[in-house]
Amino acid sequence: MAELLYNVDAGVATITMNRPDRRNAITYTLLTELQKALTSAAGDESVRVIVLTGAGDNFCVGRDQSGDPTMRVVRGLSVQEDRTRLLDVSRVIPTLIQIPKPTVAMIRGGCAGAGLSLALACDLRYAGTGAVFNTAFVGAGMSGDAGMAWLLTRAVGPSKARELMLLPERIKADQAAAFGMIHEAVADEALQTRIAKIARRLADSAPLAVRGAKLNLESALSRPLSEFLIDEADRLITCAYSEDVEEARSAFLDKRVPHFAGR
């Protein structure tokens, strides 16, 4: 059985972690395949939005520590090999953050450890009310990987991130929303519909504008204002001279829904 499923429909690429019998626990293969899927989505002009989810009743409960040892990221054979393997698959986190298309996490059930990192790396995060979150690492005797502390600090702030990392515990979806870990907790039975509406709205938006907005948001965390303003201006001018901005103007005047070509 494939550990990852990839499907594109009407501009939406759905990537599904597919180990439901293991609550979608992470293996080296799964992360390698996820990196390939994201690269494929980034290069596919028909894809305008990416949805990341898990098969069955869970999103992803983190690394698989009780399955086949040869499938683990950290196998315990040598320090150098494990460090190399960990850094290799950790590339999926910056890929999720930097991919020039919006990403949406659809979260059901357990979302813990490196699985929580994958969710936090997505632009938008929505969970069913039955979802449960946990940083988990310290409780498992580990300090954390997959960018957990970096991502969590930006999502919930440094003070709350310290509490969640150092005192790991199960967090319900409504609490996660209050903390900023997710954007909204949705009734489990309504989650699929909610995600479909969000994905459709993003897919129907002007691709150049969405890409520029995402780049602006990322640059805002790392660039000084004087440099940021230059990058922001360049992105706006790119949009201003695009066919899409003309389409937006015409659609507004004609009182119709715009149809963006991404150029």
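The notes below deal with the structure included here. (Residues numbered from 1 in each chain as written. Predicted model: local features only at pLDDT ≥ 70, side-chain atom pairs only at ≥ 80, totals over all residues. Heavy atoms only, no water.)

Side note on the nonpolar core
Right, so step 1: In terms of nonpolar packing, the biggest core is built from 50 residues, with I107, L118 and F133 touching the most fellow members.
Right, so step 2: Once residues within four sequence positions are removed from consideration, L118 is found in contact with M17, I26, L31, L34, L52, V92, I93 and L96. (Core = buried A, V, L, I, M, F, W, Y, C linked by side-chain atoms within 4.5 Å. Buried < 20%, exposed > 50% of the residue type's maximum accessible area, 1.4 Å probe, protein only. Contact = heavy atoms within 4.5 Å.)

A look at the pattern of salt bridges
Right, so step 1: Applying the stated rule across the entire model yields 11 salt bridges.
Right, so step 2: Of the charged contacts in the structure, one is a salt bridge between K36 and E33, with a shortest N-O distance of 3.6 Å. Note that K36 and E33 are positioned in helix α1 (residues 28–43) at a spacing of three residues, about one turn of the helix.
Right, so step 3: Given the relative accessible area of 51%, K36 is considered exposed.
Right, so step 4: Its salt-bridge partner being D123, residue K214 comes within 2.9 Å of it at the nearest N-O pair. One end of the pair, K214, is in helix α9 (residues 207–219); the other, D123, is in the loop between α4 (114–120) and β6 (124–128), and 91 residues separate them in sequence.
Right, so step 5: On the basis of relative accessible area, K214 is assigned to the buried category, the value being 10%.
Right, so step 6: On the accessibility criterion, D123 (26% relative accessible area) is partly exposed.
Right, so step 7: In the salt-bridge network here, residues are joined through shared partners; they are R19, R22 and D64. (Salt bridge = Lys/Arg side-chain N within 4 Å of Asp/Glu carboxyl O. Helix = DSSP H or I, 4+ residues; strand = E, 2+ residues; numbered from the N terminus.)

Here's the deal with the side chain of R19
Right, so step 1: Within the fold, R19 resides in the loop between β2 (12–17) and α1.
Right, so step 2: Only 3.0 Å separates the side chain of R19 from the side chain of D64, close enough to count as a polar contact.
Right, so step 3: Excluding anything up to four places from it in sequence, R19 contacts E3, N24, A25, T27, L30, D64 and M71. (Polar contact = N/O pair within 3.5 Å; in protein donor to acceptor, adjacent residues only side chain to side chain.)

With respect to the side chain of N134
Right, so step 1: Relative to the helices and strands, N134 resides in strand β7 (residues 132–134).
Right, so step 2: Here N134 falls in the buried class, since its relative accessible area comes to 17%.
Right, so step 3: Separated by 2.9 Å, the side chain of N134 and the backbone nitrogen of A136 make a polar contact.
Right, so step 4: Sequence-distant contacts of N134, that is, excluding residues within four places in its chain, are made with C111, A112, G113, L116, P168, E169 and R170.

So, the pairing of strand β3 (residues 49–54)
Right, so step 1: Of all the six residues making up β3, six are buried; the element is thus mostly covered by neighbouring parts of the structure.
Right, so step 2: Residues V49, V51 and T53 of β3 are buried on one face, and the alternating residues I50, L52 and G54, pointing to the opposite face, are buried as well.
Right, so step 3: Sheet analysis places β2 next to β3, joined by six bridges and oriented parallel. Of the residues in β3, the one forming a bridge with T14 is V51.
Right, so step 4: Following the backbone out of β2, through α1 and into the adjacent parallel β3, one traces a crossover that is right-handed.
Right, so step 5: Bridge analysis of β3 against strand β4 (residues 103–107) gives three bridges, and the strand direction is parallel. By the bridge assignment for β4, I50 is matched with T103. (Pairing = 2+ DSSP bridges. Right-handed = clockwise from strand over helix to strand, strands pointing away.)

Thoughts on α9
Right, so step 1: Between its first and last C-alpha atoms α9 spans 18 Å; for 13 residues at 1.5 Å apiece the expected length is 18 Å, and the two agree.
Right, so step 2: Packed against the buried residues of α9 are α3 (92–98), β4 and α10 (225–240). (Expected span 1.5 Å × (residues − 1).)

Some thoughts on the pairing of strand β1 (residues 4–9)
Right, so step 1: As judged from the six bridges shared by β1 and β2, these two strands associate in the antiparallel manner. Paired with L4 across the strands is M17, a residue of β2.
Right, so step 2: Where β1 folds back onto β2 in an antiparallel hairpin, the turn is made up of two residues, including A10, whose phi is positive at roughly 55°.

Re the packing of α1 against helix α2 (residues 79–89)
Right, so step 1: In contact at an axis separation of 9 Å, α1 and α2 are set at 35° when each is read in the N-to-C sense. Where α1 abuts α2, its residues Y28, L31 and T32 lie against R85, D88 and V89.
Right, so step 2: When the residues that make up the contact of α1 with α2 are grouped by side-chain class, the tally is three nonpolar, one polar and two charged. (Axes fitted to C-alpha atoms, helices over the stretch in contact; angles between N-to-C directions. Nonpolar A, V, L, I, M, F, W, Y, C, P; charged D, E, K, R; others polar.)

As for the packing of aromatic side chains
Right, so step 1: Taken as a whole and judged by the stated rule, the model has zero aromatic pairs.
Right, so step 2: Across the ring face of Y28, the terminal group of R85 is positioned such that the distance to the ring centre comes to 4.0 Å.
Right, so step 3: Seen from the ring of F179, K160 lies directly overhead, with NZ or CZ sitting 4.1 Å from the centre. (Phe/Tyr/Trp six-rings, centres within 6.5 Å; stacked < 30°, edge-to-face > 60°. Lys NZ or Arg CZ within 6 Å of the ring centre and 35° of its normal.)

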